[in-house]
Amino acid sequence: MEIKEERSSDEAQQFLPSSQLDSLGEPQFTSIQKIANEPKLEFSLACKDLVAATRDRKLNTFIQVSVVHPAEHILTRYSSTEIVEGTKDPLFLTGVTFPPEYPIYEETKIKLTVYDVKDKCQDTVRTSVLPDHKEPRADVGRSFLGCATFRVGDLVKSKEQQLTLTLRTSDGGKTVGTIEVNLVKMGELEEGETDHITADTQDQKCALVRECTATEGISGKDNLPSLNAVLRNPVCKLYRFPTSDNKWMRIREQMAETTLSFHVPKELINLHIKEDMRRNQELKDLGELAPHWDNMRKSVIAHCDQMLSMYQDTLAELGKHTGSSFKSSCSKGEKTLEFIPINLHLQRMHVHSPRLKDALYDVITVGAPAAHFQGFKNGGLRKLLSKFEAERRNTGYQCIYYSPENTAKAKEVLSNINHLQPLISSHADLLLSSASQRSPDSLKNSLKMLSEKTELFVHAFKDQLVRSALLALYTARPGCVLKKPAVSRNSAEEGADAQHQEHPSQIKRQDSIPHHSEYDEEEWDRVWANVAKSLNCLIAMVDRLLEKDNINNIKEGENEPSAADCKALHTGGDWYEQLYPLVITLKDCMGEVVTRAKQSMAFVLLQELACGLPQCLMLTLRRDIVFSQALAGLVCGFVIKLHTGLHDQGFLQQLHTVGLLVQYEGLLSTYSEEAGMLEDMAVGISDLQKVMFKVIEAKSEDFLPIITGRREHYIIEVQLPAKMFELLPQEIKEGKLLRMYPVLFNVGINEQQTLAERFGDTTLQENINQENLELLKEYYKLFTEKMPPDCLPHFQEQNDLKGLLESLHQNIQAKKRKNVEIMWLAATICRKLNGVRFTCCKSAKDRTSMSVTLEQCSILRDEHQLHKDFFIRALDCMRREGCRIENVLKNVKCRNIC
């Protein structure tokens, strides 16, 4: 008999190809009746009176479950239970679940094989492929006890929905005990007491675990279409734990990948390419420059083109990616995947308590956003950016120094120009169209929109930076003469002037270059003001035309107009002809402003790039990589939070009035490479402050978010189906931009942090925590000013938020070693403020798994009355058999948390 490789639970739904599924669903096989979107079959397992090989040995047993399909004589290893130690009557916590897609019928046979493990910690072959009729070698750490087989139909049709099977040795002779198979249906034990599943052996009173892979558990019926667009390969585990009053609570633990892991980075890289191509063209459009500046421009463009090619190659490689929608921890150093977040998953706990309202607890787990391929030899972004800025101030005469604030302002001006110029032109054309139709109302509306956009356009140039950059650009032309000394400017521009004074050869006309006309600084003011004057003339003309139209309408109502009056009305009433010259003048004035402003701001960007080649571009690349990883996680967190809060009016009001708190729990050490990762992560998360969200109604079946904007100013448009969109407040439906407030608190917890605390430096962690505490306090202050307290979620532990913040402040100031209290306080404050929770370590695998499972059990204890005697058992169960061990398996192909 052929034996197939064992599969994990999330792979089970891919048990057979769809073509085989169709062919197997023939009438000769009897389907199992089931509820839609519920598992086809679930059962629990227990053994009694197991016989050990030696009389004094205490058994450590587990059951391996295999399936034989009726149409094929193939034995497929499906799943295993956990190991139960020290008893001959084990009651297994882990059940067996067959998801809705699995091809199982009443004729299907299931084989149960019981093994005895010598050492639970050394059992490394529970997922190895061995023929079922052969006993494992002694050196693998386990021995075969016995096996039993049953038909699914026998279990489903049994009166008590229970089978008691005899366990026999491989030759079918000796009896080594019995195995009980109990059909499980959701809710059957809901009203029962915990004593109902008590085993005879001490410490065997425990919870039942089952697993399934149905998407319904993650998304819910209403949210299914839109959430299916972003969630993939869900894994689900179900537990029952006793409460302090001996009732049962049911916990559904869920984990899912997200398509946003690749979608968001690809969208971002595409925007980077467009932005960089536009910048390169703006540098080329600077016009004629003196040799020094022209050589500088050629060098900058050559480096930029090289970097642009790298972005294009990366996008092309990502376009070829197929298969899994997550990046495993083993791939964190791959260049082609450096923009992709590491091991990004949604982790959800859904709690059904006997006397409390159902509750959802979500955590986004992801590897710390960091540029692993770039390496951390010289530190991370936090250190590199500070060092680069200090060096750039001392660049000498090669270029003019502009502060980061000024270069950011230059990028903003260019962005406003590119955004507003086509809008103004479009509204001007609409104005002319309304004039040709002689529609007063349409004319008024068109003029209003034109005025608003033009005022924004004019306001964009009310900045001394544009004036100073125009002067700097003039001095870079082949020969220049200043009409008058430059006026005093702010400190940044004074620094630039000082550079010119130290090196007058830069601005002094050379005899070999033709003499240019004198530079008049006041000319820019006249050009800039002409736009406003043109608009005012246009407004005055529209008012005059509408006033005449009103007068003529009144006259028409009073008297019959004469032929002469009609002729005068016709000739004086051609609105289009009277407005057309004024619109052309406005466009011409605007075009002249755009040309000068674009060139001056492009010159500022030229200085930024030239002062630090190639470090400047490499830092931009590193920042893009880190930001891409951070943004993918943020978008995932926002989408999930929006879906879960659609019926919470308090949360929706908070979302558009205050914004969304996003709390990152970092578990990185401050030693060696992880210190560099933490520096990258801190900058990447801080950059998320510049991201805005907008919720729009989906116009198609594609619900993936849309990203627009440029570096330092992105807008994420989240699409919702019409029915869900209607649930939103009017402010959000009208397109109000929603702000994010990301905060990061880091506490190193591994052995490397011990080294850092004893021999290294923890200042980085202390500074990050202190800085983000201030940001958290600012959010809380804003929240208390704008929101009523009754909009906060209700928790059993009614700790005052102000008191929690003060406690967090004290713990951060205490500088205690491995102070995990900081993590608990920050997470509690986040949940109480309707925030989104993130947990991050290097790979979101080991430390993250330990943290997430501890947090889940702590919530069950504090909010849902988990029995105190079961806290450790629940924690052990989640860590050994829960979703996080499946995450480890996905990443490193083994079930072992380091």
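Source: prediction; values computed, not measured.

**Q** Break down the overall build of the chain for me, with residues and values.
**A** In terms of regular secondary structure, the chain is built from 26 helices and 21 strands. The buried share of the chain, taken over its 898 residues, is 55%. A separation of at least 24 residues holds for 77% of the contacts in the chain among residues at least 6 apart in sequence. Summed over its atoms, the accessible surface of the chain is roughly 39,900 Å², and 49% of this surface lies on carbon and sulfur atoms.

**Q** Can you explain the packing of aromatic side chains? Please cite residues and give values.
**A** With the rule as written, the count across this model stands at 10 aromatic pairs. Here the aromatic rings of Tyr311 and Phe339 are separated by 6.0 Å at their centres, their planes lie at 55°, and the arrangement is tilted. Placement of the pair is Tyr311 in helix α6 (residues 291-319) and Phe339 in the loop between α6 and β14 (345-352), with a sequence separation of 28 residues. Each member of the pair, Tyr311 as well as Phe339, is classed as buried. Over the ring of Tyr115 we find Arg142; its NZ or CZ atom is 4.3 Å from the centre of that ring. Across from the ring centre of Phe651, 5.4 Å away, lies the NZ or CZ of Lys641, which sits over that ring.

**Q** So what's going on with a nonpolar patch on the surface? Residues and values would help.
**A** Where nonpolar side chains cluster on the molecular surface, the patch consists of Tyr671, Leu755 and Phe759 and spans about 310 Å² of accessible area. Among the secondary structure elements, Phe759 is positioned in helix α20 (residues 751-759). With a relative accessible area of 67%, Phe759 lands in the exposed category.

**Q** How would you summarise the pairing of strand β16 (residues 660-666) if you had to cite specific residues and measurements?
**A** Across the seven residues that make up β16, a large majority, seven, are buried. Burial along β16 is two-sided: Leu660, Val662, Tyr664 and Gly666 facing one way and Leu661, Gln663 and Glu665 facing the other are all buried. In this structure, β16 lies alongside strand β20 (residues 738-746), joined through seven bridges in parallel fashion. Its bridge partner lying in β20, Tyr664 is registered against Leu744.

**Q** Run through the packing of α6 against helix α15 (residues 615-644), naming residues and quoting values.
**A** Two elements in contact, α6 and α15, have axes whose closest approach is 11 Å; the angle formed by their N-to-C orientations is 25°. Here α6 is positioned roughly parallel relative to α15, judged by the angle of their axes. For the element pair α6 and α15, the recorded crossing hand is right-handed. Judged by residue contacts, His303, Cys304, Met307, Met310 and Tyr311 of α6 engage Leu617, Met618, Thr620, Leu621 and Asp624 from α15. Along the lines of polarity and charge, the residues of the contact of α6 with α15 split into seven nonpolar, two polar and one charged.

The rules behind these values
Residues numbered from 1 in each chain as written. Predicted model: local features only at pLDDT ≥ 70, side-chain atom pairs only at ≥ 80, totals over all residues. Heavy atoms only, no water. Helix = DSSP H or I, 4+ residues; strand = E, 2+ residues; numbered from the N terminus. Buried < 20%, exposed > 50% of the residue type's maximum accessible area, 1.4 Å probe, protein only. Contact = heavy atoms within 4.5 Å. Areas by Shrake-Rupley, 256 points an atom, 1.4 Å probe, with all protein chains shown as cover. Phe/Tyr/Trp six-rings, centres within 6.5 Å; stacked < 30°, edge-to-face > 60°. Lys NZ or Arg CZ within 6 Å of the ring centre and 35° of its normal. Patch = residues over 30% accessible without salt bridge, like charges linked within 9 Å, V, L, I, M, F, W, Y side chains within 5 Å. Salt bridge = Lys/Arg side-chain N within 4 Å of Asp/Glu carboxyl O. Pairing = 2+ DSSP bridges. Axes fitted to C-alpha atoms, helices over the stretch in contact; angles between N-to-C directions. Parallel < 35°, antiparallel > 145°, perpendicular 65-115°, else oblique. Left-handed = near helix turned anticlockwise from the far one by under 90°. Nonpolar A, V, L, I, M, F, W, Y, C, P; charged D, E, K, R; others polar.

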